[in-house]
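Here is what each chain is made of, one letter per residue.
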Amino acid sequence: MTGTFVEPTPTPLALLLLGQKADPESERGVECPGDLPAPSDPDLVNRARAAKAALGDRVFILGHHYQRNEVIEFADVTGDSFKLAQQAAAHPEAEFIVFCGVHFMAESADILTSADQQVILPDLAAGCSMADMAEINQVEDCWAALDRAGVAEVTVPITYMNSSAAIKSFTGKHGGSVCTSSNAERSMEWAFEQGEKVLFLPDQHLGRNTAVRDLGLSLDDCVVYNPNKPDGGLTHEQMRAARVILWKGHCSVHGRFTPECVDDVREQVPGITVIVHPECAYEVVEKADIVGSTEKIIATIAAAEPGTSFAIGTELNLVKRIAQQNPDKQIVYLDKTVCFCSTMNRIDLPHLVWALESLLAGNVVNQIVVDDDTKEWSKVALDRMLALPGPSAARD
Ligand code: 13P
Ligand code: SF4
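Residues numbered from 1 in each chain as written. Chains lettered and ligands numbered in written order. Predicted model: local features only at pLDDT ≥ 70, side-chain atom pairs only at ≥ 80, totals over all residues.

1. Things to note about the overall build of the protein
Move 1: Check the secondary structure of the protein and you find 15 helices and 13 strands.
Move 2: For the protein, buried positions account for 48% of its 396 residues.
Move 3: By sequence separation, contacts in the protein at least 24 residues apart represent 68% of the contacts at least 6 residues apart. (Helix = DSSP H or I, 4+ residues; strand = E, 2+ residues; numbered from the N terminus. Buried ≥ 20, exposed ≤ 12 C-beta atoms within 10 Å, placed from the backbone. Contact = placed C-beta atoms within 7 Å.)

Dropping the structure here:
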């Protein structure tokens, strides 16, 4: 090998766009001088274009904001979970909905679309570790425990979109609603109009942030139900005293952000605005300047004055894209070490090309089908959410 090694110039920022410059403090080894090659084989890009064009109006491609750029490029619409659920329901003309996101989103799309539409998830391994933290039998056990404590009747379940169709169905059957990060406040307010207590599934952080920060409840009004302990590790007295029963689930990506990350970035970049997703822990959200869904994060930064600095606490594919789309602003990642959502990342261009070409050949692959029984009640829960008046001002 020839050539002289040039020491990269350190940057004052906590994190950089991958492959551009380097931060020797935290990111040894990511420097790639010059332009990076295209992320995918150019032939695959042409194949995706050709398959999509040949399918025409028969296919509608939804892309969650956490998807890779190589996939987002082919999305007919991009959005947060709420917008994508609306968009799935709003395209009855498409024979195929190809969902570039994760399993629970594709299930929701199947519930909201008509019987003659087929929903495809390009890689079935694209699940969500948070959604997997609540299983339907555990939720039924929880409800039985609330019943034994004499509070099930006055409890309204709210399940985050990030849950299985079976849990959405349970929620619908028991008078509750789905919510997303853009309408959690409104959903919880609605739940308190229906009953005295809320069982919030499966993200304890979104539940706590919404109850305490948006609805003004206290931390002591919330208890955490641990599905791995008898009665969730709670006494009947604790269940009776609580206003909000939080399921012990969390997002492994947003769980990486700590209050120290916020302190560090503020020290390194004085005046920086810290913006985080409400799946982050309460202590992190409390230290941030702005909290919001992916859609809100994008809109806030797009509307900011040139020269503004932001530290963003959400998934890295989105943070990288925001940085690319806002070259007039300083964008850094709130965590010092890099972590994509590994399940979101399962959907890549090879899987998308395979799914589209298979559809074109008349072979429906990786179809997500929710059975009719589950569909009936989960649709009730999703429709309750979609009928709530507009996303809350605080979140969207
Ligand atoms: P939103 O896009 O609704 O903000 O949700 C984030 C998320 O974690 C999806 O998995
Ligand atoms: Fe699930 Fe977190 Fe990934 Fe979203 S970012 S899909 S909540 S693991």
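2. Some details on the sheet that holds strand S8 (residues 222-225)
By definition, the strands of a sheet pair up through backbone hydrogen bonds, in either a parallel or an antiparallel sense.
Move 1: If you trace the five strands from one edge of the open sheet to the other, you get S6-S5-S7-S9-S8, paired in parallel fashion. Of all strands in the sheet, those bounded by a partner on one side alone are strand S6 (177-179) and S8. Between one strand and the next, the sheet's axes are offset by a mean angle of 25°, whatever the strand orientation.
Move 2: Where strand S5 (residues 155-160) lies against strand S7 (residues 197-201), five bridges are found, and the strand directions are parallel. Residue pairing for S7: Thr 159 is matched across the bridge by Leu 201.
Move 3: This element, helix H6 (residues 165-173), spans S5, S6 and S7 of the sheet and lies at about 150° to S5. (Pairing = 2+ DSSP bridges. Axes fitted to C-alpha atoms, helices over the stretch in contact; angles between N-to-C directions.)

3. Quick word on the sheet that holds strand S13 (residues 330-333)
Move 1: Spatial ordering of the open sheet is given by S11-S10-S12-S13, a layout of four strands whose pairing is parallel. Strands with a single pairing partner mark the edges of an open sheet, and in this sheet they are strand S11 (290-291) and S13.
Move 2: In this structure, strand S10 (residues 273-276) lies alongside S11, joined through two bridges in parallel fashion. In the strand pairing of S11, Ile 275 is matched with Ile 290.

4. A few points about the site of ligand 2
Move 1: What surrounds ligand 2 is a group of 13 residues, the closest being Cys 128, Met 130, Cys 251, Val 253 and Cys 341.
Move 2: Residues of the shell around ligand 2, tallied by class, amount to eight nonpolar, four polar and one charged. (Near = placed C-beta within 6 Å. Nonpolar A, V, L, I, M, F, W, Y, C, P; charged D, E, K, R; others polar.)

5. Regarding unusual backbone geometry
Move 1: Even without a glycine there, the phi angle at Asp 231 is positive, about 55°.
Move 2: You can see Asp 231 is positioned in the loop between S8 and helix H9 (236-241).
Move 3: Positive phi is not limited to glycine here, since Asn 366 has a value of about 50°.
Move 4: Mapping Asn 366 onto the fold places it in the loop between helix H14 (349-360) and helix H15 (372-387).
Move 5: Among the residues examined, Asn 366 registers 18 C-beta atoms within 10 Å and is labelled partly exposed.

6. Considering the site of ligand 1
Move 1: In the region of ligand 1, 13 residues are neighbours, and Asp 80, Ser 81, Ser 181, Ser 293 and Thr 294 sit closest.
Move 2: The class makeup of the residues in the shell around ligand 1 is three nonpolar, eight polar and two charged.

7. Digging into the environment of Ser 342
Move 1: Assignment of secondary structure puts Ser 342 in the loop between S13 and H14.
Move 2: Once the C-alpha coordinates of Ser 342 and Cys 128 are considered, the two residues, 214 residues apart in sequence, prove to be 8.9 Å apart.

8. Observations regarding helix H7 (residues 184-194)
Move 1: Regarding H7, the residues found buried are Ala 184, Glu 185, Arg 186, Ser 187, Met 188, Trp 190 and Ala 191.
Move 2: Structurally, H7 contributes buried residues whose contacts are with S5, S6, S7, helix H8 (204-214) and H15.

9. Things to note about the pairing of S5
Move 1: A large share of S5 lies buried, amounting to six of its six residues.
Move 2: Taking every second residue as pointing to the same face, both faces of S5 are buried, with Thr 155, Pro 157 and Thr 159 on one and Val 156, Ile 158 and Tyr 160 on the other.
Move 3: For the crossover that starts at S5, traverses H6 and ends in the parallel S6, the hand is right-handed. (Right-handed = clockwise from strand over helix to strand, strands pointing away.)

10. A look at the nonpolar core
Move 1: Counting residues in hydrophobic clusters, the biggest one holds 112 residues, and the most contacted among them are Phe 99, Val 276, Ile 312 and Leu 352.
Move 2: Beyond its immediate stretch of four places on either side in the chain, Ile 312 contacts Ile 275, Ile 297, Val 319, Ile 322, Ile 331, Tyr 333 and Leu 334. (Core = buried A, V, L, I, M, F, W, Y, C linked by C-beta atoms within 7 Å.)

11. Overview of the packing of helix H3 (residues 81-89) against helix H4 (residues 103-112)
Move 1: Put simply, H3 and H4 touch, their axes get as near as 8 Å, and they point 35° apart. Between H3 and H4 lies a crossing whose hand is right-handed. Facing H3, whose interface residues are Ser 81, Leu 84, Ala 85, Ala 88 and Ala 89, H4 presents Met 105, Ser 108, Ala 109 and Leu 112.
Move 2: Of the residues in the contact of H3 with H4, the class split is seven nonpolar, two polar and no charged. (Left-handed = near helix turned anticlockwise from the far one by under 90°.)

12. A closer look at the pairing of S13
Move 1: Judged from the four bridges that link them, strand S12 (residues 309-313) and S13 form a sheet pairing that is parallel. Counterpart to Ser 309 in the pairing with S13 is Gln 330.
Move 2: Between S12 and its parallel partner S13, the chain crosses via helix H13 (residues 316-325), and the hand of that crossover is right-handed.

13. Here we look at the environment of Ser 81
Move 1: With respect to the secondary-structure elements, Ser 81 resides in helix H3.
Move 2: Residues Ser 81 and Ser 181, 100 residues apart in the sequence, show an inter-C-alpha distance of 8.0 Å.
Move 3: With near-sequence residues (within four places) excluded, Ser 81 lies in contact with Met 105, Met 161 and Thr 180.

14. Details of the confidence of the model for the protein
Move 1: When pLDDT is averaged across the protein, the result is 91; 88% of the residues are at 70 or more.
Move 2: Within the model, the stretch residues 1-19 combines pLDDT values under 50 with 36 contacts to residues more than four positions away or in other chains. (pLDDT = per-residue confidence, 0-100.)

15. Quick notes on helix H5 (residues 136-148)
Within an α-helix, residues lying three or four positions from one another point in the same direction, as the helix has 3.6 residues per turn.
Move 1: Look at H5: 18 Å from first C-alpha to last across 13 residues, which is about the 18 Å you get at 1.5 Å a residue.
Move 2: Those residues of H5 lying buried are Val 139, Cys 142 and Leu 146. Axial view of H5: buried residues confined to an arc of 55°, hence all on one face. The outward face of H5, more than 90 degrees from its buried face, is lined by the exposed residues Asn 137, Ala 144, Asp 147 and Arg 148.
Move 3: Looking at the buried side of H5, the elements it contacts are S5, H6, S7, S8 and H9.
Move 4: One or two residues past the end of H5 sits Gly 150, with phi positive at roughly 80°. (Expected span 1.5 Å × (residues − 1). Arc of directions from axis to C-beta.)

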